[in-house]
Amino acid sequence: MRVLGVDPGLTRCGVGVVEGVAGRPLTMVGVGVVRTPADAELGHRLVAIEQGIEQWLDEHRPEFVAVERVFSQHNLRTVMGTAQASAVAMLCASRRGIPVALHTPSEVKAAVTGSGRADKAQVGAMVTRLLRLDAPPKPADAADALALAICHIWRAPAQNRLQQAVAAHRTLKGRTA
């Protein structure tokens, strides 16, 4: 399974591609950051993020895209920018028919470090260890994108089984109605 992880942000949108399956060593395929100038007009920044993500999709051809689920923050301006960048990533993937999964920050931290309260340094250290890298990816947005991809690879099999069970239940329920 090849997953593009996206840590959305207007100024720095982390992107990372990981390949592998649960229970086996994972491989980093690529990591980086799509950057936009803070003083640029919002529309131009969103187009730049779209172009950057499209390049990653073209180059790495992921089977899935995992995006950090936007959660409520105290700074409304920050959460709005994050949500807008997140929507661009989901749109780019969906336009190509690539399934999109959303993972909360605490879910990603728990999957990668064992604790949903881990800090950025702990996430970076575990990403480095899990992918057998020489050093943590910089900036932290890049490491977070890899962590999202790892989380999805590890959790997707269980999530798929749950979705199949729910669909089967609905089908059976519809037959008995």
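Right above here is the structure, for reference.
So, here is what we can say about the structure in this document. In this text, all values refer to a predicted model and were calculated from it rather than measured experimentally. (Residues numbered from 1 in each chain as written. Predicted model: local features only at pLDDT ≥ 70, side-chain atom pairs only at ≥ 80, totals over all residues. Heavy atoms only, no water.)

**Topic: helix H2 (residues 76-95)**
Where we set the bar: The numbering of helices and of strands both runs from the N terminus, where a helix is a DSSP run of H or I of at least 4 residues and a strand a run of E of at least 2. Multiplying 1.5 Å by the helix residue count minus one yields the expected span of that helix. Accessibility here uses a 1.4 Å probe with only protein chains present; expressed as a share of the type maximum, an area under 20% marks a residue as buried, one over 50% as exposed, and anything in between as partly exposed. Should any heavy atoms of two residues lie within 4.5 Å, those residues are counted as being in contact.
When the terminal C-alpha atoms of H2 are compared, their 28 Å separation across 20 residues agrees well with the 28 Å that a helix rising 1.5 Å per residue should span. Looking only at H2, the buried set comprises Val79, Gly81, Thr82, Ala85, Ser86, Val88, Ala89, Cys92 and Ala93. Those residues of H2 that are buried are in contact with strand S1 (2-7), helix H1 (42-60), strand S4 (64-68) and strand S5 (100-103). Backbone geometry just downstream of H2 places glycine 97 in the positive-phi region, at approximately 80°.

**Concerning the environment of leucine 4**
With respect to the helices, strands and loops of the structure, leucine 4 is situated in strand S1. Separated by 84 residues in sequence, leucine 4 and valine 88 have C-alpha atoms that sit 14 Å apart. Look past the residues within four positions of leucine 4 in its chain and what remains in contact with it is Val15, Gly16, Val17, Trp56, Leu57, Pro62, Phe64, Val65 and Ala66.

**Here's the deal with the packing of helix H3 (residues 105-113) against helix H4 (residues 120-130)**
Let me state the cut-off plainly: Orientation is described by lines fitted to C-alpha atoms, with helices fitted over the stretch in contact, and by angles between N-to-C directions that extend from 0 to 180 degrees. Any angle that is under 35 degrees is reported as roughly parallel, and any over 145 degrees as roughly antiparallel; angles of 65 to 115 degrees are reported as roughly perpendicular and all others as oblique. Take the far helix as your reference; a near helix turned counterclockwise from it by less than a right angle gives a left-handed crossing, and one turned clockwise gives a right-handed crossing.
Across the interface, H3 lies against H4 with an axial gap of 9 Å and an inter-helix angle of 50°. Judged by the angle between their axes, H3 and H4 are oblique. In this structure, H3 crosses over H4, and the sense of that crossing is left-handed. The segment H3 lies against H4, with Lys109, Val112 and Thr113 engaging Gln122, Val123, Met126, Val127 and Leu130.

**Re unusual backbone geometry**
The residue after lysine 138, namely proline 139, is reached through a cis peptide bond having omega -10°. Inspection of the secondary structure assignment puts proline 139 in the loop between H4 and helix H5 (140-176).

**Some words on the nonpolar core**
Heads up, the condition is: Definition used in this section: a nonpolar core is a set of buried Ala, Val, Leu, Ile, Met, Phe, Trp, Tyr and Cys residues joined via side-chain atoms within 4.5 Å.
Within the largest apolar cluster, 19 residues are counted, with the highest numbers of intra-cluster contacts made by Leu4, Val6, Ile49, Ile53, Leu57 and Val65. Among the secondary structure elements, those contributing two or more residues to this core are S1, strand S2 (12-19), H1, S4 and H2. When sequence neighbours within four positions are dropped, the list of residues in contact with valine 6 reads Cys13, Gly14, Val15, Ile53, Val65, Ala66, Val67, Glu68, Ala89, Ala145 and Leu148. Counting 18 residues, the second-largest nonpolar core is a separate cluster that includes Leu26, Val127, Leu146 and Leu148.

**Considering the pattern of salt bridges**
The following threshold applies: The salt bridge criterion pairs a side-chain nitrogen of Lys or Arg with a carboxyl oxygen of Asp or Glu, the two atoms within 4 Å.
Applying the stated rule across the entire model yields eight salt bridges. Put simply, glutamate 50 and arginine 95 hold a salt bridge, and the shortest N to O gap is 3.1 Å. Remark: arginine 95 occurs in helix H2 and glutamate 50 occurs in helix H1; sequence separation between them is 45 residues. The shortest N-O distance in the salt bridge between arginine 96 and glutamate 54 comes to 2.5 Å. Of this pair, arginine 96 sits in the loop between H2 and S5 while glutamate 54 sits in helix H1, and the two are 42 residues apart along the sequence. One salt-bridge network, in which partners are shared between bridges, spans Glu50, Glu54, Asp58, Arg95 and Arg96.

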